[in-house]
Amino acid sequence: MIYIKTPQEIALIREGGKILARILEELGNAVEPGMKTIELDKLAERLVFKYGAIAAFKNYKPCFNHEGQGGYPASVCVSINEEVVHGIPGNRVLREGDIVSLDMGVLYKGYFTDAAITVGAGKISPIARKLIDVTKKSLELAIGETKIGNHLGDIGWAAQSYAEKNGFSVVRDLVGHGVGKFIHEEPDIPNFGRPGAGLELKEGMVLAFEPMVNAGDYKVKTFADGWTFVTVDKSLSAHFEHTVAITKNGVEVLTRL
Ligand code: MF3
Ligand code: CO
């Protein structure tokens with residue numbers, strides 16, 4: 001079931017989106033070699049409290065494979081280098097040249113928003129820089145295809161074709177999603193597809209696009225901690241995500257300042 005949002009609901013989601021954008025900007029600026037990733041989680045918790053929001057991922061428990069276990073143990077997912085998403089902050093120390101994906105969701109006034117960025121710690125390699133830039137542009141191209149009457153396949157194709165043209169691959173096993181009263185709503189939004197295929201976009205849809213782009217092969221697997229996804233070939237991976245709304249005036253990126 002796809003929940004169509006009213007302009008009043010989108011106004012509330014916009015408020016939460018701005019808060020999330022601010023938090024992610026501050027987290028991105030805080031990344032530096034020598035720090036522990038748990039410091040990023042502590043900063044995330046301070047910021048989410050300061051803005052009067054709630055961290056959406058803390059204790060989150062997807063029903064598909066984490067039954068019987070505790071939920072996700074942190075407020076921000078920190079995924080380093082070959083880690084794709086859902087890395088758990090801890091005592092690992094960031095090193096010069098690491099690329100760090102920060103993925104966070106907040107709940108504000110009854111609605112969720114979800115966004116992610118990837119940044120470098122200190123000076124990063126040219127290939128890492130290119131991977132980050134291409135992933136960010138893949139997301140922007142996907143957003144550019146977001147208009148009433150277009151299809152999910154147009155969005156997926158925009159992200160996939162740009163990443164592949166640059167010699168990279170898009171992750172297939174993890175997808176974007178609708179977002180609203182729940183962090184994950186229908187539909188699933190693959191970051192690959194065929195133009196014109198899939199669900200038609202309608203006014204009032206609020207969607208999270210989140211291309212994950214690998215420098216090598218698209219295959220991923222979960223790491224021993226049960227949460228962290230890593231690339232099978234250990235190649236670098238980057239992730240960008242925005243929550244967007246489809247309005248009668250066009251697409252609006254809700255998680256941008
Ligand atoms: N950020 C993920 C998404 O975009 C959700 C992470 S849930 C967690 O769908 F619990 F694993 F953090
Ligand atoms: Co998401």
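Residues numbered from 1 in each chain as written. Chains lettered and ligands numbered in written order. Predicted model: local features only at pLDDT ≥ 70, side-chain atom pairs only at ≥ 80, totals over all residues. Heavy atoms only, no water.

A. Fine view of the coordination of the cobalt ion (ligand 2). On the protein side, the cobalt ion (ligand 2) has D114 (OD), H177 (NE2), E210 (OE) and E241 (OE) as donor atoms, found 2.1 to 2.2 Å from it. The site at the cobalt ion (ligand 2) holds six donor atoms, and with the angles between them running 46 to 177°, its shape is irregular. On the primary sequence, the residues serving as donors to the cobalt ion (ligand 2) are separated as D-x62-H-x32-E-x30-E. Within this pair, whereas H177 is found in strand β7 (residues 176-178), its partner E241 is found in the loop between β13 (237-239) and β14 (242-247), the two being separated by 64 residues in sequence. The class of E241 is buried, set by a relative accessible area of 1%. (Donors = N, O, S within 2.8 Å, 3.2 Å for Na, K, Ca; no water. Tetrahedral: all angles 85-135°; square planar, octahedral: opposite > 155°, others 65-115°. Helix = DSSP H or I, 4+ residues; strand = E, 2+ residues; numbered from the N terminus. Buried < 20%, exposed > 50% of the residue type's maximum accessible area, 1.4 Å probe, protein only.)

B. Expanded view of the sheet that holds β14. The strand order β8-β7-β9-β14-β15 describes an open sheet built from five strands, whose pairing is antiparallel. Looking along the sheet, the strands with just one partner apiece sit at the ends: β8 (185-189) and β15 (250-253). Pairwise comparison of adjacent strand axes, ignoring direction, gives a mean angle of 25° for this sheet. As paired elements, β7 and β8 share three bridges and run antiparallel to each other. Across the sheet, H177 pairs through a bridge with D188, a residue of β8. (Pairing = 2+ DSSP bridges. Axes fitted to C-alpha atoms, helices over the stretch in contact; angles between N-to-C directions.)

C. The arrangement of the pairing of strand β2 (residues 77-80) in detail. What you see with β2 is no split at all: C77 and S79 on one side and V78 and I80 on the other are buried throughout. Direction of pairing for β2 relative to strand β4 (residues 99-108): antiparallel, over a ladder of four bridges. When the sheet's bridge partners are listed, V78 is paired in β4 with L102.

D. Expanded view of helix α1 (residues 7-30). In a regular helix each residue adds 1.5 Å, so 24 residues correspond to 34 Å; α1 covers 35 Å between its end C-alpha atoms and thus fits that length. The complete set of buried residues in α1 reads E9, I10, I13, G16, G17, I19, L20, A21, I23, L24, L27 and G28. Where α1 is buried, its residues contact α2 (37-50), β4, β5 (111-120), β9 (206-209) and β14. (Expected span 1.5 Å × (residues − 1). Contact = heavy atoms within 4.5 Å.)

E. Summary view of the packing of aromatic side chains. Enumeration over the complete set of coordinates arrives at two aromatic pairs. Ring geometry for Y3 and F182: centres 6.2 Å apart, planes at 35°, overall tilted. Of this pair, Y3 sits in the segment before α1 while F182 sits in the loop between β7 and β8, and the two are 179 residues apart along the sequence. Centre to centre, the rings of Y72 and W227 are 5.2 Å apart; their planes meet at 80°, and the pair counts as edge-to-face. One end of the pair, Y72, is in the loop between β1 (54-55) and β2; the other, W227, is in the loop between β11 (220-222) and β12 (229-231), and 155 residues separate them in sequence. Take Y72 and W227: they sit in the same class, and that class is buried. Between R172 and the ring centre of F192, over which it is positioned, the NZ or CZ distance is 5.1 Å. Here K219 stacks its cationic end above the ring of Y218, 5.8 Å away from the centre of that ring. (Phe/Tyr/Trp six-rings, centres within 6.5 Å; stacked < 30°, edge-to-face > 60°. Lys NZ or Arg CZ within 6 Å of the ring centre and 35° of its normal.)

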